[in-house]
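# Results of the structural survey
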Amino acid sequence: MAFDFNEVRDAYERIRPYVRRTLLEESFYLGDGERRYFFKLESLQRAKSFKIRGALNKMLTLTAEEAARGVGTVSSGNHGSSVSYAASLLGIENAVVIVPEGTPQSKIDRIRCFGAEVLLMGSSYDEAHRLGLDYIRRHGLTYIDAYYDDPKIYGGQGTIAIELLEQNPNIDTIVVPIGGGGLITGIAVAAKALKPGIRVVGVQTEKCPAMIKSYEDGVFYEEYPCEGDSICDALLGGVGALSYQMVKDCVDDLIAVSEDTVGRAVSFMAREEKFVVEAGSCTTVAAVMDHRERIGGRQIALVLSGGNIDGQLLASLLEKYQ
């Protein structure tokens, strides 16, 4: 389960022919005379999510026999879309994605669009994960981990740090959403290998602060209940074993933001910055709105990890936060 910058560097070379080098776009409205903010727009990947990076990196290392048997995963949507898309790119015909029953229809449609079979299991992500892993084992598929402990997944996600520091070497702070923790762990390990003094800040929704509570309580929350309904569906559930092991040593701060501020951030990004970004990704923008001084920095990269927001949810947030 060892993970270091070598995994990220290898992943960068491996996946480069397949993924988009996404824009690092300066915000028109967040900056001031003291600070400049830049959006790392993973929402503009073909599958509208950063998760294509980890999925491709893992699937490019499969043996011919493993690829022929097929792949399976459990996802709240974005990882499933990326596995489905990666399978289509690599000619893997048997791809199965298990999602929770409440997954937004837009995410299910996108997964199917890329060719994978979608199975709905369980009322929550954690329940879908238990049921889905059993199904994948019984059918002899290779499991494509979303965030738990696969260094190939973490390595792929970390390639974002290599890109954004090539695009702007003056970035001194990176703000990253946290769900299971694979994204922030990969980015933090890579960023600090390339620029040891850089600051990395993780953000969670107050409805599901699994990583924050893991460290506060001294407990590895492999599963974590959502405290009521959340618009940040991509960030719900527990944390990965590898991220729990590493985040405390490579991430400088963890911040929880309110669902209200996240909703305002989604509307702000669409109305003002003209980018459609899902709510979980907008936690980074919400953190700037409510915790600008705590984040600090002079040139700050905000990772916008996905753009797969349900159309009805987007419309309701635009109406609510005008």
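Residues numbered from 1 in each chain as written. Predicted model: local features only at pLDDT ≥ 70, side-chain atom pairs only at ≥ 80, totals over all residues. Heavy atoms only, no water.

### Some words on helix α2 (residues 51-59)
The element α2 is extensively covered by neighbouring structure, given that 9 of its 9 residues are classed as buried. Buried residues in α2 make contact with α1 (5-15), β3 (71-74), α4 (78-90), β6 (142-143) and α7 (151-167). (Buried < 20%, exposed > 50% of the residue type's maximum accessible area, 1.4 Å probe, protein only. Helix = DSSP H or I, 4+ residues; strand = E, 2+ residues; numbered from the N terminus. Contact = heavy atoms within 4.5 Å.)

### Observations concerning the pattern of salt bridges
If you walk through the whole model with that rule in mind, you get 20 salt bridges. Overlapping salt bridges bring together K40, E42, R53 and E163 as one network. (Salt bridge = Lys/Arg side-chain N within 4 Å of Asp/Glu carboxyl O.)

### Remarks on the sheet that holds β6
Strand order across the open sheet formed by 4 strands is β5-β4-β3-β6, with parallel pairing between neighbours. With partners counted over all chains shown, the strands left at the sheet margins are β5 (117-120) and β6, one partner each. Direction of pairing for strand β4 (residues 95-99) relative to β5: parallel, over a ladder of 4 bridges. Across the sheet, the residue bridging to V97 is V118, located in β5. Lying on the sheet, α4 is in contact with β3 and β4; it crosses β3 at an angle near 165 degrees. (Pairing = 2+ DSSP bridges. Axes fitted to C-alpha atoms, helices over the stretch in contact; angles between N-to-C directions.)

### Describing the sheet that holds strand β2 (residues 36-41)
Sheet architecture is open: 6 strands sit in the order β1-β2-β10-β7-β8-β9, paired in mixed fashion. Looking at the sheet topology across the chains shown, the edges are occupied by β1 (24-26) and β9 (253-257). Going across the sheet, the axis of each strand differs from the next one's by a mean of 25 degrees, ignoring polarity. As paired strands, strand β7 (residues 173-177) and strand β10 (residues 299-304) are joined by 3 bridges and run parallel to one another. The residue bridging T173 from the neighbouring strand is I300, located in β10. Against the sheet, α7 makes contact with β1, β2, β7 and β10, and its axis sits at roughly 135 degrees relative to β2, the strand it touches most.

### Remarks on unusual backbone geometry
At K48, a residue that is not glycine, the phi angle is positive and equals roughly 65 degrees. In this structure, K48 sits in the loop between β2 and α2. Relative accessible area serves as the criterion here: at 26%, K48 is assigned to the partly exposed category. We note that K274 has phi near 70 degrees; this positive angle belongs to a residue other than glycine. As for its placement among the helices and strands, K274 is situated in the loop between α11 (259-273) and α12 (283-295). Its relative accessible area of 62% is what places K274 among the exposed residues.

### Quick word on the pairing of β7
Two faces make up the sheet, and in a regular strand the side chains alternate between them. Taken across its 5 residues, β7 has 5 buried, putting it largely inside the fold. What you see with β7 is no split at all: T173, V175 and P177 on one side and I174 and V176 on the other are buried throughout. Alignment of β7 against strand β8 (residues 199-205), held across 5 bridges, turns out to be parallel. Directly across from P177, in β8, lies its bridge partner V203.

### Overview of the nonpolar core
If you look at the biggest cluster of nonpolar residues, it comprises 62 residues, and the most contacted ones within it are M59, V71, L164, I171, I174, V176 and I187. Those residues in contact with I187, other than ones at most four positions away along the chain, are Q157, G158, I160, A161, I174, V176 and V303. L30, L235, V257 and V285 belong to the second largest nonpolar core, which has 33 residues in total. (Core = buried A, V, L, I, M, F, W, Y, C linked by side-chain atoms within 4.5 Å.)

### Quick notes on the environment of F268
Following the sequence through the fold, F268 ends up in helix α11. Between the alpha carbons of F268 and C282 there is a distance of 9.6 Å; along the sequence they are 14 residues apart. Every residue in contact with F268, bar those within four places of it in the chain, is listed here: Y29, L30, E273, V285 and M289.

### What to know about the pairing of β9
Of the two faces of β9, the one holding D253, I255 and V257 is buried and the one holding L254 and A256 is not buried anywhere. Of the pairings in the sheet, the one linking β8 to β9 comprises 5 bridges and is parallel in character. Residue pairing in the sheet places T205 in a bridge with V257 of β9.

### Some points on the packing of α11 against α12
Running from N to C, α11 and α12 point in directions that differ by 105 degrees, and their axes come no closer than 8 Å. With respect to their mutual orientation, α11 and α12 come out roughly perpendicular. Across from T261, V262, R264, A265, F268 and M269 in α11, the residues of α12 making contact are T283, V285, A286, M289 and D290. When its residues are assigned to classes, the contact of α11 with α12 shows 7 nonpolar, 2 polar and 2 charged. (Parallel < 35°, antiparallel > 145°, perpendicular 65-115°, else oblique. Nonpolar A, V, L, I, M, F, W, Y, C, P; charged D, E, K, R; others polar.)

### As for the state of the cysteines
Evaluation of the coordinates by the stated rule reveals 0 disulfides. No disulfide involves C226; its nearest neighbouring cysteine sulfur is the one of C208, lying 5.7 Å away. We note that C232 lacks a disulfide partner, and the nearest cysteine sulfur, in C282, lies 8.7 Å from it. (Disulfide = S-S within 2.5 Å.)

### A closer look at the packing of aromatic side chains
The final tally for this structure, using the stated rule, is 9 aromatic pairs. Seen from their ring centres, Y29 and F268 are 6.4 Å apart, and the 80 degrees between their planes marks the pair as edge-to-face. Here Y29 is found in the loop between β1 and β2, whereas its partner F268 is found in helix α11, with 239 residues between them in sequence. In this structure Y29 comes out as partly exposed when scored by relative accessible area, which is 49%. Ring pairing ties together the aromatic residues Y148, Y215, F220 and Y244, which thus form one cluster. (Phe/Tyr/Trp six-rings, centres within 6.5 Å; stacked < 30°, edge-to-face > 60°.)

Remember that the coordinates give geometry; whether it matters functionally is a separate question.
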